[in-house]
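A closer look at the structure
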Amino acid sequence: MAPAIPFIMMAVAAAGSIMSSQAQAAAAKRQAQAQEYSAAVDRNNAILAQANADNALKVASVQEDEKRRSNAMQLGAQRSALIESGIDTTSGSGADLVNQSAINNELDALNIRYGGQIKANSYLNQSNSALAQADLDTMAANNSRANARAATGPAMYIGAASSALSAYSGSRYTGRA
């Protein structure tokens, strides 16, 4: 029975190595699935950020239009008040006052547009960042899948053979061979 012990030790060592390789492959596959999920979440976040950017521009456009309508009504009321007071709004100080008010009102409308563009650019940066992260997650998933294939490929059998030989060599030095 003693001559069988080294072979049993070799088989146990080889089986242990194979099982370890299969466990590593399973872990790598789970990691790849998690990374793929993360990439999908990042892509969805990019889509949402893009939609938020579009929405920010639309909201700013509506607010800008509303500001211009409000400004037109304000300038009309200002002209009426000046005319009622006997001030000429086509020349001199009255015209300067109306023109300056129109310039200030237009700057307010343009600031609303600019604020919308800043907000949209922030969302676009978020979208681009999320897409870049999705690409990194996809590359990591591909790497994990490659590691899973490597763990169960020829390296698994080489590892099993190496473990078996080590077990056999160890049994020879302990006098069990």
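All figures in this text were calculated on a predicted structure; none of them were measured in a lab.

What counts, and at which threshold
- Residues numbered from 1 in each chain as written.
- Predicted model: local features only at pLDDT ≥ 70, side-chain atom pairs only at ≥ 80, totals over all residues.
- Heavy atoms only, no water.
- Helix = DSSP H or I, 4+ residues; strand = E, 2+ residues; numbered from the N terminus.
- Contact = heavy atoms within 4.5 Å.
- Patch = residues over 30% accessible without salt bridge, like charges linked within 9 Å, V, L, I, M, F, W, Y side chains within 5 Å.
- Areas by Shrake-Rupley, 256 points an atom, 1.4 Å probe, with all protein chains shown as cover.
- Salt bridge = Lys/Arg side-chain N within 4 Å of Asp/Glu carboxyl O.
- Buried < 20%, exposed > 50% of the residue type's maximum accessible area, 1.4 Å probe, protein only.
- pLDDT = per-residue confidence, 0-100.

Brief notes about the side chain of Thr 89
- Relative to the elements of secondary structure, Thr 89 occurs in the loop between α1 (5-84) and α2 (92-152).
- Not counting the four nearest positions on each side in its chain, Thr 89 is found in contact with Arg 79, Leu 82, Ile 83, Gly 94, Ala 95 and Val 98.

Here's the deal with a nonpolar patch on the surface
- A cluster of nonpolar side chains, contributed by Ile 103, Leu 107 and Leu 110, occupies part of the molecular surface with about 250 Å² of accessible area.
- Looking at the element boundaries, Leu 110 is found in helix α2.
- On the basis of relative accessible area, Leu 110 is assigned to the partly exposed category, the value being 33%.

Here we look at the side chain of Ser 144
- If you trace the backbone, Ser 144 turns up in helix α2.
- Given a relative accessible area of 4%, Ser 144 falls into the buried group.
- Sequence-distant contacts of Ser 144, that is, excluding residues within four places in its chain, are made with Ala 28, Gln 31, Ala 32 and Gln 35.

Brief notes about the pattern of salt bridges
- Enumeration over the complete set of coordinates arrives at 5 salt bridges.
- The partner of Glu 36 in a salt bridge is Arg 145, with the nearest N and O atoms 2.0 Å apart. With Glu 36 in helix α1 and Arg 145 in helix α2, the pair connects residues that are 109 residues apart, well separated along the chain.
- In this structure, the salt-bridge partner of Asp 108 is Lys 67, at a minimum N-O distance of 4.0 Å. Taken together, the residues Asp 108 in helix α2 and Lys 67 in helix α1 connect sequence positions 41 residues apart.
- When salt bridges that share partners are traced, they join Glu 64, Arg 68, Glu 106 and Arg 113 into one network.

Here's the deal with the confidence of the model for the protein chain
- Scored by pLDDT, the protein chain has a mean of 85; 76% of the residues are at 70 or more.
- For the protein chain, the element scoring lowest by mean pLDDT is helix α3 (residues 154-173), at 60; α2 scores highest, at 93.

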